[in-house]
Amino acid sequence: MATTPTVEAAAAGHGAEPRGKRTDAGEATYLIAIAEALWEEMERDGNVFLLGEDIGIYGGAFKVTEGFIERFGPERVMDTPICEETIMGMAVGAAMEGMRPVAEVQYADFIANGFDELINVAGKYHYRSGVPLPMVVRGPSGGGVRASAFHSQNPEPWFAHSPGLKVMCPAFPSDAKGLLKSAIRDDNPCVFFEHKWIYRRIKEVVSEEPDFTVPIGTAKVQREGSDLSIVTYGAMVHKAIEASEELERQGVSAEIVDLRTIVPMDTETVLESVAKTSRALVLYESHRTLGVGSEVAAVIAEEAFDSLDAPVMRLAPPNTPVPFSPSLEDAYLPQVEDIVESVKRLSSW
Amino acid sequence: MSTSVKMPQLGETVIEGTILKWLKKEGESIDVDEPLFEISTDKVDTEVPSPAGGTVSKILVPEGETVSVGTELAQIDEGSANGEARSAVEGVAGASPDAAAAAPPAPASEPTPEPQPAAAPSVASPPTPSNVAAASATGASSSVGAPSRPAPSGGPRSQILSPVVRKLAEENRVDLSQVQGTGAGGRITRNDVLNYLDGGAAPAPAPAPSVTPLAPQAPTQAAPAPQIAAAGEREEIVPMSHIRKAIATHMVASLQTSARAWNMVEVDLEHVAKLRERAKEPFKQREGFNLTYMPFVSRAVCEALLTYPMVNAELRGEEIVVRRYVNLGIAVSIDDGLIVPVIKDADSMNLVGLARAINDVAVRARAKQLKPDEVHGGTFSITNPGPFGSILSVPIINQPQSAILAFDAVEKRPVVIDDAIAIRHRVYLSLSWDHRVIDGALASQFLGRVKQNLETWDFAEDLGL
């Protein structure tokens with residue numbers, strides 16, 4: 001069985017091409033899991049189509065859509081000009097007409113060029129006209145890959161702040177696949193950030209069920225603990241897990257809450273965890289000031305005050321551009337040892 | 001020879017103080033007037049200077065402990081610092097080489113008897129039988145009816161109670177003075193309370209725990225503790241702060257002691273307002289703070305108090321102390337309450353001097369930097385709720401003074417002057433006075449004098465205009 005998963009997957013039809021790239025053990029990387037989600041949804045629904053820069057013939061800057069144009073043709077895998085405003089505008093227009101576009105921005109940073117279409121049109125269209133806008137914008141976000149200030153940002157707070165958009169930042173292949181499928185099936189505009197540091201680093205066995213989805217707006221406790229909660233998402237989940245193993249050795253039991261979706265946020269799971277542990281470290285990769293974690297910290301302070309045994313603590317990068325120099329980038333991003341140190345300060349408060 | 005350092009009395013009604021921090025260790029040398037320790041009382045938190053120079057030979061009260069006024073806190077050995085101290089070291093286990101375990105306090109300075117603050121009404125709750133029983137049963141218990149106060153000696157952070165600790169203590173009726181804090185600086189953590197409830201942690205040394213530690217502690221068996229109701233829907237339960245309790249006691253005591261009466265005049269401040277308008281900018285530039293109405297009123301009040309000294313008096317038993325000087329109390333609203341710093345010899349200051357003094361004490365009161373002798377010794381007080389918008393107030397007299405003036409908001413009002421209607425800056429000045437000392441006629445005369453001063457005096461010269 002383990003010897004020929006490739007053949008079986010191909011024979012199954014759904015997601016055949018990307019699944020062919022799984023390991024012999026049937027594990028998919030985060031990147032492959034995303035490709036599988038796209039493939040499966042395009043096979044399931046003829047209204048789903050892709051558009052973006054170099055996604056067709058070239059297969060995408062990160063090769064997420066490799067092989068797609070051969071299977072689905074250039075009308076459903078559209079190479080666009082290098083103009084994000086056009087990409088967003090096309091997606092909005094197609095969604096108005098009942099299509100289900102999935103737009104790719106080559107790096108999440110470039111999404112700023114399409115800001116107006118996303119914030120002012122997509123986010124408010126249903127509110128203003130009553131017409132649903134089922135579109136997804138995908139973008140590889142995040143740092144840690146030595147890609148400098150224009151290719152390493154975490155733009156999720158920009159979109160979390162503005163109403164009308166759902167925002168997802170999964171950390172694991174299964175969650176990425178399940179959430180992307182949910183986003184494509186959702187009738188609201190969704191912004192889906194794929195952390196590029198995770199792309200090829202993390203793999204796991206991912207469901208092959210055609211209707212496997214992860215509900216939008218649900219957090220997940222990735223690790224149970226009793227002494228404090230680390231509330232986080234994206235690549236920081238993996239840093240937190242590594243830190244928690246070190247902390248375990250030092251006798252501190254950390255619970256890790258992975259938000260998975262930023263908007264709508266599953267505050268219930270966060271609050272349940274804090275009620276249990278009485279201490280919270282909010283760890284996030286967007287800038288510290290008014291980052292996603294700022295909101296998490298505020299919710300905890302407002303709604304779990306009674307449960308707190310120490311002030312809510314934040315750990316996040318400073319408000320500077322992401323540095324190019326490797327040593328500076330390492331200093332900029334929260335590292336495992338920073339998490340361990342913060343946790344120790346928090347637990348000894 | 002050695003000098004004994006005692007808990008100072010930082011205000012008439014203050015009966016105890018808490019040592020926050022020793023600034024010198026045993027064996028360290030100290031100059032006279034050099035800060036020796038920090039204390040917290042109902043009125044102020046402050047540093048206390050050393051009464052003598054020499055070596056700190058003994059510290060008798062540890063940090064965090066609350067003791068009565070007059071209690072001996074430390075001894076200063078006035079002999080030449082190091083040599084003598086070293087020779088005095090006796091085999092005290094664990095004492096550092098420098099720590100001078102000096103001989104017991106030579107009664108050189110006579111042991112001042114604990115000053116019993118005259119009838120401080122705060123502690124005068126009648127000893128009900130149950131109360132007495134409690135006292136004898138638990139020894140020196142300070143936790144009667146207050147389950148959420150940890151032992152004061154648990155470390156510098158033992159008084160910090162996190163929300164969850166308060167909640168757990170309230171819900172489970174835990175007497176926190178029985179819980180050993182294991183957090184940083186002795187803070188009681190959530191786990192400390194949970195362990196205590198589980199019977200896991202050994203309780204603090206004091207009294208023996210009840211037989212079944214799991215059962216809700218009944219630390220207040222004896223005293224009928226006020227039921228600590230759990231907070232209801234949209235309610236929260238906030239323990240009274242130290243200063244809140246002090247204010248409460250002081251205010252109720254005032255009403256119980258004095259025969260308070262009240263009257264009021266309306267004053268035309270048109271001249272003062274115009275002058276202030278003219279002087280405002282240059283004054284701000286020169287002095288660095290705003291020129292308010294307060295110094296004008298204070299100046300007018302000081303003169304009137306010298307004219308009618310019975311308003312500036314204190315009833316002491318069956319005698320009345322009449323003052324020919326004014327120590328003016330100025331009520332200052334601070335974060336967690338109210339404090340009344342005193343401007344000594346306010347009657348000897350001109351307008352600018354008063355303005356500086358008022359600004360100074362107000363700023364330092366808010367920064368909690370008042371010195372102990374700056375909050376007592378007042379002979380008369382002024383409260384100024386005007387900035388908050390109040391136009392008429394009935395204040396409570398700041399005992400043991402005999403009267404208090406409320407200065408409310410200055411407003412433009414239509415008034416009749418020579419049968420014409422004019423718009424003028426006007427204010428209500430009201431006086432709460434103690435009818436045991438003052439009668440209505442005197443109160444009215446006094447207020448009339450203040451009014452006359454404010455309406456007729458020319459302050460221009462004082463302001464350099």
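Residues numbered from 1 in each chain as written. Chains lettered and ligands numbered in written order. Predicted model: local features only at pLDDT ≥ 70, side-chain atom pairs only at ≥ 80, totals over all residues.

Asks: Can you help me understand the overall build of chain A in this one?
Replies: From N to C terminus, chain A includes 13 helices and 14 strands. Taking all 349 residues of chain A together, 54% fall into the buried category. (Helix = DSSP H or I, 4+ residues; strand = E, 2+ residues; numbered from the N terminus. Buried ≥ 20, exposed ≤ 12 C-beta atoms within 10 Å, placed from the backbone.)

Asks: Would you mind going over the overall build of chain B with me for this structure?
Replies: Looking only at helices and strands, chain B features nine helices and 19 strands. When the 465 residues of chain B are sorted by exposure, 37% land in the buried category. Sequence separation of 24 or more characterises 67% of the internal contacts of chain B that already satisfy a separation of 6 or more. (Contact = placed C-beta atoms within 7 Å.)

Asks: Got a minute to help me understand the confidence of the model for chain B in this structure?
Replies: The predicted coordinates of low-pLDDT regions are not to be read in fine detail. All names here are of chain B. Here chain B averages 79 in pLDDT, and 76% of its residues register 70 or above. Of the regions scoring below 50 in pLDDT, residues 81-147 engages in 95 contacts with residues more than four places distant in sequence or in other chains. Every residue in residues 201-225 scores below 50 in pLDDT, and together they form 43 contacts with partners more than four places removed in sequence or on other chains. The ipTM assigned to the predicted complex is 0.72, against a pTM of 0.52. (pLDDT = per-residue confidence, 0-100.)

Asks: How do you make sense of the sheet that holds strand β11 (residues 254-258) of chain A when you look at a structure like this?
Replies: Sheets are built from strands paired through backbone hydrogen bonds, the pairs being either parallel or antiparallel. All names here are of chain A. Taken in spatial order, the five strands make up an open sheet running β9-β11-β10-β13-β14, and their pairing is mixed. Either end of the sheet is taken by a strand with one partner, and the two such strands are β9 (220-223) and β14 (313-315). Each strand axis lies, on average, 25° off the axis of its neighbour in the sheet, ignoring direction. Sheet topology note: the strand β13 (residues 280-283)/β14 ladder contains three bridges and is parallel. (Pairing = 2+ DSSP bridges. Axes fitted to C-alpha atoms, helices over the stretch in contact; angles between N-to-C directions.)

Asks: How should I be thinking about the sheet that holds strand β1 (residues 2-6) of chain B in this particular structure?
Replies: Residues and elements named next belong to chain B. The sheet built from four strands is open, its strands ordered β1-β8-β6-β3 with antiparallel pairing. Among the strands making up the open sheet, the edge pair consists of β1 and β3 (29-30). Bridge count for β1 against strand β8 (residues 72-77) is five bridges, and the pairing is antiparallel. Bridging across to β8, V5 finds its partner in A74.

Asks: I'm lost on the confidence of the model for chain A in this one. Help?
Replies: Residues at a pLDDT of 70 or more form 95% of chain A, whose mean pLDDT is 93. Scored below 50 in pLDDT, residues 1-16 of chain A makes 18 contacts in the model with residues more than four places away or belonging to other chains.

Asks: What is the right way to read unusual backbone geometry from this model?
Replies: Most peptide bonds take the trans form, and the phi angle of most residues other than glycine is negative. Between V263 of chain A and the following residue, P264 of chain A, the backbone shows a cis peptide bond with an omega angle of -5°. Residue placement: P264 of chain A occurs in the loop between β12 (261-263) and α10 (267-277). In the segment running from Q399 of chain B into P400 of chain B, the intervening peptide bond is cis, with an omega of 5°. Tracing the backbone through its elements, the reader meets P400 of chain B in the loop between β16 (380-383) and β17 (403-407). Here S278 of chain A, not a glycine, exhibits a phi torsion of approximately 70°, which is positive. Residue classification places S278 of chain A among the buried residues on the basis of 25 C-beta atoms within 10 Å. Despite not being glycine, L290 of chain A has its phi angle at roughly 55°, a positive value. Residue position: L290 of chain A is located in the loop between β13 and α11 (292-303). Overall, L290 of chain A belongs to the exposed group, with 12 C-beta atoms counted inside 10 Å.

Asks: Quick question: what am I supposed to make of the nonpolar core here?
Replies: When a protein is soluble and globular, its nonpolar side chains tend to lie buried together. Of all hydrophobic cores here, the largest spans 115 residues; its most connected members are I34, A91, V137, M168 and I262 of chain A. The leading source of residues in this core is helix α3 (residues 30-44) of chain A, at 10 residues. Residues within four places of M168 of chain A in sequence aside, it is in contact with L179, A183, C190, F192, F193, I216, R260, T261 and I262 of chain A. Judged by nonpolar contacts, the second largest core, of 60 residues, contains L328, I343, A355 and L454 of chain B. (Core = buried A, V, L, I, M, F, W, Y, C linked by C-beta atoms within 7 Å.)

Asks: I tried to follow the environment of D373 of chain B on my own but got confused; where do I start?
Replies: All names here are of chain B. Along the chain, D373 falls in the loop between α8 (351-366) and β16. What makes D373 partly exposed here is the crowd of 15 C-beta atoms within 10 Å. Distance in space between the C-alpha atoms of D373 and L10 is 6.5 Å, their sequence separation being 363 residues.

Asks: Looking at this model, I keep getting lost on helix α5 (residues 242-257) of chain B. Mind explaining?
Replies: One turn of an α-helix holds 3.6 residues; hence residues three or four places apart share an orientation. Residue and element names in this part refer to chain B. Spanning 16 residues, α5 covers 22 Å between terminal C-alpha atoms, matching the ideal 22 Å at 1.5 Å per step. Every buried residue of α5 is listed here: A246, H250 and S254. Taken around the axis of α5, the buried residues stretch over an arc of 60°, which confines them to a single face. What points out from α5, more than 90 degrees from its buried face, is the exposed set L255 and Q256. (Expected span 1.5 Å × (residues − 1). Arc of directions from axis to C-beta.)

Asks: Could you clarify how one ought to interpret the pairing of β17 of chain B in this entry?
Replies: Consecutive side chains of a regular strand alternate in pointing toward one face of the sheet and then the other. Residue and element names in this part refer to chain B. By the criterion of burial, β17 is predominantly enclosed, with five of the five residues buried. On β17, burial covers both faces: A403, L405 and F407 on one face and I404 and A406 on the other are all buried. Here β16 pairs with β17 via three bridges, running parallel. Across the sheet, residue T383 finds its bridge partner in β17, namely A406. Bridging between β17 and strand β19 (residues 420-434) involves five bridges; their strand directions are antiparallel. Looking at β19, one finds that I404 is bridged to S432.

Asks: Explanation requested: the pairing of strand β5 (residues 136-141) of chain A in the structure shown.
Replies: All names here are of chain A. Summarising burial for β5: six of the six residues are buried, a large majority. Note that strand β4 (residues 100-104) and β5 share three bridges and pair parallel. Bridge assignment links E104 to a residue of β5, and that residue is R138. Bridge count for β5 against strand β7 (residues 190-195) is six bridges, and the pairing is parallel. Residue pairing for β7: V136 is matched across the bridge by C190.

Asks: Please clarify how the interface of chain B and chain A should be interpreted in this entry.
Replies: As a measure of interface size, the accessible area lost when the parts come together is often cited. Counting from both sides, the interface comprises nine residues of chain B and, opposite them, nine residues of chain A. Here the element with the most residues in the side of chain B that touches chain A is helix α3 (residues 163-172) of chain B; it accounts for four residues. Looking at the side of chain B that touches chain A residue by residue, the class counts come to four nonpolar, three polar and two charged. (Nonpolar A, V, L, I, M, F, W, Y, C, P; charged D, E, K, R; others polar.)

Asks: Sorry, what's going on with the packing of helix α7 (residues 294-307) of chain B against helix α9 (residues 440-456) of chain B here?
Replies: Between two packed helices, the angle of one axis relative to the other and the distance separating the axes together describe the packing. All names here are of chain B. It is the contact of α7 with α9, at a shortest axis distance of 9 Å, that shows an interaxial angle of 135°. The pairing of α7 with α9 is recorded here as oblique in orientation. In terms of crossing hand, the pair formed by α7 and α9 is right-handed. Side by side, α7 and α9 meet where F296, V297, A300, V301, E303, A304 and T307 of the first sit next to F446, R449, V450, N453 and L454 of the second. (Parallel < 35°, antiparallel > 145°, perpendicular 65-115°, else oblique. Left-handed = near helix turned anticlockwise from the far one by under 90°.)

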